[in-house]
Amino acid sequence: MPLDSRVPSGPLADKWDRHRFESKLVNPANRRKYTIIIVGTGLAGASAASSLGELGYNVLSFCIQDSARRAHSIAAQGGINAAKNYQNDGDSIQRLFYDTVKGGDYRSREANVYRLAQLSVNIIDQCVAQGVPFAREYGGLLDNRSFGGAQVSRTFYARGQTGQQLLLGAYQSMMRQVEKGTVKTFANREMLDLVVINGQARGIVARNLVSGAIERYAAHAVLLCTGGYGTAYYLSTNAVNSNVTASWRAHKRGAFFANPCYTQIHPTCIPVSGSHQSKLTLMSESLRNDGRVWVPKNKGDTRRPEQIPDAERDYYLERRYPSFGNLVPRDVASRNAKAVCDEGRGVGDSGLAVYLDFADAIKRLGGAVIRGRYGNLFDMYTKITDEDPYKVPMRIYPAIHYTMGGLWVDYNLMSTIPGLHVLGEANFSDHGANRLGASALMQGLADGYFVIPYTLASYLGGTSFPAVTTEDDAFRESEAAVQSAIDQLLSVKGSKTPRQLHRELGALLWDEVGMARNEAGLRTALARIPQLRDEFWQNVSVPGPKNNLNKNLEYAGRVADYLEFAELLALDALHRTESCGGHFREESQTPDGEALRDDVKFSYVAAWEFQGMGKEPRLHKEPLNFEYVKPTQRSYK
Ligand SMILES: Cc1cc2nc3c(=O)[nH]c(=O)nc-3n(C[C@H](O)[C@H](O)[C@H](O)COP(=O)(O)OP(=O)(O)OC[C@H]3O[C@@H](n4cnc5c(N)ncnc54)[C@H](O)[C@@H]3O)c2cc1C
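Residues numbered from 1 in each chain as written. Predicted model: local features only at pLDDT ≥ 70, side-chain atom pairs only at ≥ 80, totals over all residues. Heavy atoms only, no water.

Asks: Please clarify how the packing of aromatic side chains should be interpreted in this entry.
Replies: Both the distance between ring centres and the angle between the ring planes are used here to describe each pair of aromatic rings. By the definition in use, this model includes 26 aromatic pairs. An angle of 70 degrees between the planes, with centres 6.1 Å apart, marks the rings of tryptophan 16 and tyrosine 411 as edge-to-face. Taken together, the residues span a long stretch of sequence, with tryptophan 16 in helix 1 (residues 15-22) and tyrosine 411 in the loop between strand 16 (406-407) and strand 17 (420-422) at a distance of 395 residues. Comparing tryptophan 16 with tyrosine 411, the two get one shared label, buried. Ring centres of phenylalanine 257 and phenylalanine 565 lie 5.1 Å apart, and the angle between their planes is 40 degrees; this geometry places the pair in the tilted category. With phenylalanine 257 in strand 10 (residues 257-258) and phenylalanine 565 in helix 16 (residues 551-575), the pair connects residues that are 308 residues apart, well separated along the chain. The exposure classification of phenylalanine 257 matches that of phenylalanine 565, with both residues buried. Each residue in the set Tyr229, Trp248, Phe257, Phe565 and Phe610 is aromatic and connected to the rest through ring pairs, giving one cluster. The lysine or arginine in question, arginine 115, covers the ring of tryptophan 16, its NZ or CZ lying 4.8 Å from the ring centre. (Phe/Tyr/Trp six-rings, centres within 6.5 Å; stacked < 30°, edge-to-face > 60°. Helix = DSSP H or I, 4+ residues; strand = E, 2+ residues; numbered from the N terminus. Buried < 20%, exposed > 50% of the residue type's maximum accessible area, 1.4 Å probe, protein only. Lys NZ or Arg CZ within 6 Å of the ring centre and 35° of its normal.)

Written as structure tokens, this is what we have:
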């Protein structure tokens, strides 16, 4: 099947405008006749639900949590990018576009990224109108800070709680529509299958997580806004409820999965402290505005940080990348942290940590200013580590944080299944091989508030829909398949918990498909994952009933999906023998250890088609053409 990205023709800056003009519309009086299922209530899902509800569609909104407000997006700390240029420091739509394409290591679609940069300015206006309390300058304008991979300050923030404040804004707008009757919310529901009829996505089958009932919902289109799959690695900065289930099950129904190996490792997380942990905690990238990253110059230096004089410290990011210093992009900062720790210069008990030091900033600006900027992050760090970062440097280490890969979508955010649209982190779209900080919130809200209202209308207006009810065979078959998988999970009655097996899978992925990857390691992972999967189905223990609240059962289903998906992730990493962004193949590096791309062989999106369990998936390639930003060796020096 040829992959058609449906990028409109014409000059880059005019594409989106022209596309909107040429797209079909749905008459306001007809909109309520269309039912739209939106799975997920994070920033992508909540913004889509509120916009589509406002337009008058009949929206059904689903989420796992007991309230839409608890979606993982509330965890976002640092900020959201927009090319407003309030700082007058040289920003523009063109520069945000350029930084994002370069930051993604030339593995994203130019037209999508340009549209994202254009829409960034509308997002801020929308959120301010909703009352999102962005930080302000003394004069009243919104304040900005810097994030990695940019030399301008374009990141809007609400202290260290930007995601929470943005989500409250989107949630309020959505609840306004609930009140008006256009949006109905279904909390505590887990989508377990996509129903495809006559080649169109026409509904979902979901489990009611409180009663255990399996429920069917029909619609004219389905929007997946179900977030990223970083939790496949077990330890990550993601919420523990984040998962790959909805995407993976849609993949098994025909949606191609793009670039699954593009996972982002965030350089500033609180280091792992023991095997008791079920998640890791992020220390926002915004901290690198004022924090300086360093390790001792000498191996095995066990002195306390305050006893190490400046001359014996290696501020390695400032030394190696004088232009960007501590604000190099995440992939670069993470690899450098790993390199100094591998040399034996890591700090802390495990030696797997580097310092993020605020002493200079506190001396320069005073503790009160630092508290104003990052107070809640410092408090969080103190609670977790029992150390005071106002007095001693933070210890940080890279961890899995975000996934650039996801379901393949065209310019309209539609997957390879007509009617199935994918928004936010769940799609692969805009970040290439490495996402710049503060760009995920921007993308999720651009998708939900400003892209999908147009592209969905165009799909609905140009498609004929045979009548479908939840009594159709496809719904019956889907429900039966979901029931049978649940029964199978409960019947194994083995001796290992899903958590034990998930932890084993996560450790394997982190070791072999983590920050650095090589052929031998990837082959080890590919051999081991099916063994772990077999072990799961022979020996997993899932206590509790199916017709009631059962956290073990929910979790077991997600682990079963990780065990299938992980193989695709490793396979994609094996086939891509170049390094790019977050995907670092040790065999492909420059003499000074930077990621070395192979544009001749790999300038494409890898979109995988499911062929059945146990069968090799089929690779489709969407070529990437760079007309406006010419790919070069990325340099932040
Ligand atoms: C700690 C942390 C800090 C971050 N900080 C920033 C930042 O400062 N700036 C930035 O730009 N980005 C940041 N990010 C990234 C950003 O938060 C996420 O990429 C973004 O919030 C994802 O939004 P989303 O709407 O796509 O998905 P999510 O917010 O993950 O929402 C997913 C939704 O899908 C639902 N769901 C999932 N599976 C199912 C299913 N099977 N059935 C039903 N419902 C389902 C969930 O219930 C939830 O409602 C951060 C990420 C982390 C982990």
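Asks: Honestly, the sheet that holds strand 8 (residues 214-218) in this entry has me stumped. Any pointers?
Replies: The pairing of strands in a sheet happens through backbone hydrogen bonds and is either parallel or antiparallel. What the three strands build is an open sheet, ordered 6-7-8; its pairing is antiparallel. Edge positions in the sheet fall to strand 6 (189-197) and strand 8, since each of these pairs with one other strand and no more. Along the sheet, successive strands turn relative to each other by an average axial angle of 25 degrees, direction set aside. Note that strand 6 and strand 7 (residues 200-208) share eight bridges and pair antiparallel. Looking at strand 7, one finds that aspartate 193 is bridged to valine 205. Each of strand 6, strand 7 and strand 8 touches helix 13 (residues 473-492); the most contacted strand, strand 6, lies at about 140 degrees to it. (Pairing = 2+ DSSP bridges. Axes fitted to C-alpha atoms, helices over the stretch in contact; angles between N-to-C directions. Contact = heavy atoms within 4.5 Å.)

Asks: Can you walk me through helix 11 (residues 367-385) in this structure?
Replies: Helical geometry: 3.6 residues make up each α-helical turn, so side chains three or four residues apart lie on a common side. Its 19 residues place the ends of helix 11 only 20 Å apart at the C-alpha level, less than the 27 Å of an ideal helix rising 1.5 Å per residue. The largest bend in helix 11 comes to about 85 degrees, at tyrosine 374. Regarding helix 11, the residues found buried are Ile370, Tyr374, Gly375, Asn376, Leu377, Phe378, Tyr381 and Thr385. The inward-facing, buried residues of helix 11 contact helix 10 (359-365) and strand 15 (394-403). In the segment just after helix 11, aspartate 386 is the residue with positive phi, at about 60 degrees. (Expected span 1.5 Å × (residues − 1). Bend = angle between axes of the 7 residues up to and from the residue.)

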